[in-house]
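Understanding the architecture of this molecule
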Amino acid sequence: MKTQLDNALQFHQTALNLQAQRQQMLASNIANADTPNYKARDIDFRSALKGAVDGRMGPLALASTSSRHLDVAAEMPFGAFVGYRREFQSSVDGNTVNMDVERAAFAENSVHYEASVTFINGLLRSMQTAISGQ
């Protein structure tokens, strides 16, 4: 039986996982800024979080015929919400990474991640205070 605390923590855990995955993707975009034909990607955070809350996380599980197959769903559970970033200025080598956009998105995502961690810590601290009766 799930309690309200379980539901609240699960929501925030999902948000943290999504923010962590987005941070990795943004870091990958920045790392590949000079790679020819690299296409910048991002996660539609709002849709992914809504899908996770509604229980519609990602595509259906794929059947694997070998134990050596990679588990893509475990590696990128929000893969259905990943898309290519809109190109603002075309580059001669076909790369779509715009460093200004990537740095801004990276900083914004970092702030959201820290805020989520702070909120979870406050929630747990409140529960600990309630349990100890202070």
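What you see is a predicted model; the values in this text were computed from it and never measured.

Attention now goes to the overall build of the protein. Helix and strand counts for the protein stand at four helices and two strands. Along its sequence from the N terminus, the protein presents helices and strands in the succession α-β-α-α-β-α. Residue burial in the protein is summarised as follows: out of 134 residues, 25% are buried. Here the contacts in the protein between residues at least 6 apart in sequence split such that 78% fall between residues at least 24 apart. Approximately 9500 Å² of the protein is accessible, and the part contributed by carbon and sulfur atoms is 55%.

This part is about the packing of helix H1 (residues 4–31) against helix H2 (residues 45–53). Here H1 crosses H2 at 145°, and the two axes come no closer than 10 Å. Of the two possible hands of crossing, H1 and H2 adopt the one that is right-handed. Here Phe11, Thr14, Ala15, Leu18 and Gln19 of H1 lie close against H2, whose contacting residues are Phe45, Ala48, Leu49, Ala52 and Val53.

Our focus in this paragraph is the nonpolar core. Membership of the largest hydrophobic core is limited to seven residues, which are Ala15, Leu18, Met25, Ile43, Ala48, Leu49 and Phe81. Of all elements in the fold, only H1 and H2 reach the threshold of two or more residues within this core. With three residues, the top contributor of residues to this core is H1.

Following the sequence through the fold, Ala104 ends up in helix H4 (residues 99–132). Measuring from C-alpha to C-alpha, the distance between Ala104 and Leu26 comes to 10.0 Å, with 78 residues separating the pair along the chain.

Glancing now at H4. Spanning 34 residues, H4 covers 49 Å between terminal C-alpha atoms, matching the ideal 50 Å at 1.5 Å per step. Residues of H4 that are buried include every one of Glu102, Ala105, Asn109, Ser116 and Ile120, and no others. Buried residues along H4 sit in contact with H1. Looking one or two residues past H4, Gly133 carries a phi angle of roughly 75°, positive in sign.

Enumeration over the complete set of coordinates arrives at four salt bridges. Across the pair Asp42 and Arg85 runs a salt bridge, and its minimum N-O distance is 3.2 Å. Remark: Arg85 occurs in the loop between strand E2 (82–84) and H4 and Asp42 occurs in strand E1 (residues 41–43); sequence separation between them is 43 residues. Summarising the burial analysis for this pair, Asp42 and Arg85 share the class buried. Among the ionic contacts, a cluster of salt bridges with common partners joins Arg22, Asp42, Arg85 and Glu102.

Here is what the cut-offs are and how they apply
- Residues numbered from 1 in each chain as written.
- Predicted model: local features only at pLDDT ≥ 70, side-chain atom pairs only at ≥ 80, totals over all residues.
- Heavy atoms only, no water.
- Helix = DSSP H or I, 4+ residues; strand = E, 2+ residues; numbered from the N terminus.
- Buried < 20%, exposed > 50% of the residue type's maximum accessible area, 1.4 Å probe, protein only.
- Contact = heavy atoms within 4.5 Å.
- Areas by Shrake-Rupley, 256 points an atom, 1.4 Å probe, with all protein chains shown as cover.
- Axes fitted to C-alpha atoms, helices over the stretch in contact; angles between N-to-C directions.
- Left-handed = near helix turned anticlockwise from the far one by under 90°.
- Core = buried A, V, L, I, M, F, W, Y, C linked by side-chain atoms within 4.5 Å.
- Expected span 1.5 Å × (residues − 1).
- Salt bridge = Lys/Arg side-chain N within 4 Å of Asp/Glu carboxyl O.

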